[in-house]
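These are the residues of each chain, in order.
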Amino acid sequence: MLFGPAVLFGQSTAKKQVVAGRNGQKSATASGLLQSGPMVGYSDMREVKLWVQTKQPARVQIRYHEVTSQATGSTPASTSATTHLTNEVYTNRQTAFTAHLLADQVDPGKTYAYDVLIEGQKVSLPYPTKFQTQSLWQWRTDPPMFRFGVGSCTYVNEPNVDRPGTPYGGGYEIFTALAAQKPDFMLWTGDNTYTREVDWNSRSGVLRRYTHTRSLPEMQPLLAATHNYAIWDDHDYGPDDSDRSYWLKEVTLDAFKLFWANPNFIFPESCAGTFEWNDCQFFMLDDRTFRAPDKMPDGPNKAYFSEKQIQWLLDALTFSKATFKFIVTGGQIVNPTKSFENYAIYGTERDRLFKAITDAKIPGVLFLTGDRHHSILHKLERPGTYPLYDLTISPLTSGPAKPLAEELKLPTYVDGTLVTDRNFGILSVSGPLKDRVLTIKVYDQKGAERWTKDVRASELK
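Residues numbered from 1 in each chain as written. Predicted model: local features only at pLDDT ≥ 70, side-chain atom pairs only at ≥ 80, totals over all residues. Heavy atoms only, no water.

Colleague: How should I be thinking about the pattern of salt bridges in this particular structure?
Modeller: When the charged atoms of two side chains lie near each other, side chains of opposite charge can form a pair. On inspection of all chains with the given rule, the structure shows 27 salt bridges. One network of salt bridges, with partners in common, ties together Asp233, Asp287, Arg288, Arg291, Asp294 and Glu341. (Salt bridge = Lys/Arg side-chain N within 4 Å of Asp/Glu carboxyl O.)

Colleague: Just to check I follow, could you spell out the nonpolar core for this structure?
Modeller: Ranked by internal contacts, the top residues of the largest apolar core, which has 62 residues, are Phe148, Leu187, Phe282 and Phe326. Here the element with the most residues in this core is helix α9 (residues 307–319); it accounts for six residues. If we skip the residues at most four places from it in the chain, Phe326 touches Phe148, Cys280, Gln281, Phe282, Phe283, Leu366, Leu368, Leu427 and Leu438. Within the second largest apolar cluster, 37 residues are counted, among which are Ile174, Leu253, Trp260 and Ala261. (Core = buried A, V, L, I, M, F, W, Y, C linked by side-chain atoms within 4.5 Å. Buried < 20%, exposed > 50% of the residue type's maximum accessible area, 1.4 Å probe, protein only. Helix = DSSP H or I, 4+ residues; strand = E, 2+ residues; numbered from the N terminus. Contact = heavy atoms within 4.5 Å.)

Colleague: It is not clear to me how unusual backbone geometry should be interpreted in this structure. Could you clarify?
Modeller: Where the residue is not glycine, phi is negative for most of them; where a peptide bond is considered, it is trans in most cases. Cis geometry is adopted by the peptide bond preceding Pro38, which originates at Gly37 and carries an omega value of 10°. One can find Pro38 in strand β1 (residues 34–43). Here the amide bond leading from Ser394 into Pro395 is cis, since omega sits at -5°, within 30 degrees of zero. Structurally, the position occupied by Pro395 is in the loop between β18 (388–392) and β19 (423–430). One non-glycine residue, Asp191, adopts positive backbone phi at about 55°. Here Phe340, not a glycine, exhibits a phi torsion of approximately 55°, which is positive. Structurally, Phe340 is set in the loop between β15 (325–328) and α10 (347–359). Note on Phe340: relative accessible area 45%, which makes it partly exposed.

Functional significance is not addressed by these values, which are geometric in nature.
If you want it as structure tokens, here you go:
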């Protein structure tokens, strides 16, 4: 039997609110039918994708209007009198009552406020709901400054199915701290939910787990006003350390596409994709679908990203004119330690990728990774060319972990960048086109800054 959020999270309550609505309390009706979201997905110059999940079958639509000036002090923001509507979606059980809604009556470089309409009635929410379109700066000005959040490993406790003992998840206020930073978008870099033993053998279990995580109250304000992009790692793909042999990977890919709103998918069987934000490009790699088992002996046939994904990546990097080219994936890439699930275990493929980037003289490449339950910066010096940085940001709400003692003695480790409690990153790109600067800041779960570092684009050429 297919999973339905209404059954799991209180269908009877929703029905009571529908009855109340028929007696005149229309806002209660709409609010009572909302399971999770709204979430703002990808942004482009001519369209923005939004996402909503209901508790039971319902008609869902987004109403939006341009915000023509920002609020200052006691003066409220002014808004356009012209309102627009997205497509309407009737949610259903087969797709976990999720709706993907397209705002396509927009102009570049604008901010829009929006309302969620369920059964034609506005959902009342206690936090801002807004989105933005990307600016048409090319051939006109320097690229605008922008900021984005980075984080991985989101575990939300469910005691009746979790392992006994101390809860593994916690510190959910980290999402409040993240939202307070007001990033333009958020990069979810894997393990964005944790399937358990009770989940990963059935579609019902997978959809239930995705719904359970997405429904976390502390997460909702961040989702509603910040654009969101995601890749997966083992836990939202399948079991711990799972690889290409996972038997329900088509099911988890379906769930990933239902619950995230990325702009594209390069391969039909994979979550890999790419997007641009101003003068930067993000290459979202899939480190699970094509991955050979970790314990397989290293050699030319031991795939991590796979031949076809690497070839696409190299072609796309070569074509890209982006100042910074961020390669985003779950596991650590630069760290040479052959432990855990680091790329170094797949040394033959790793060496080939690094050599290909060097031989092609591709400037501006950096890696953004997660997985390790601590944050750290690695820097690999390369003779005759620029160094490769790998920024690992982890965990958001999962249990923290420390690196091996020998990892902190590696020449790649950038001293002072280790954080071993829950944390997130805020990265900003600023400055004129010919002298762009990436500023990395890492914050703990309460929003206190832990360290900062600048990387100039001129250093990556």
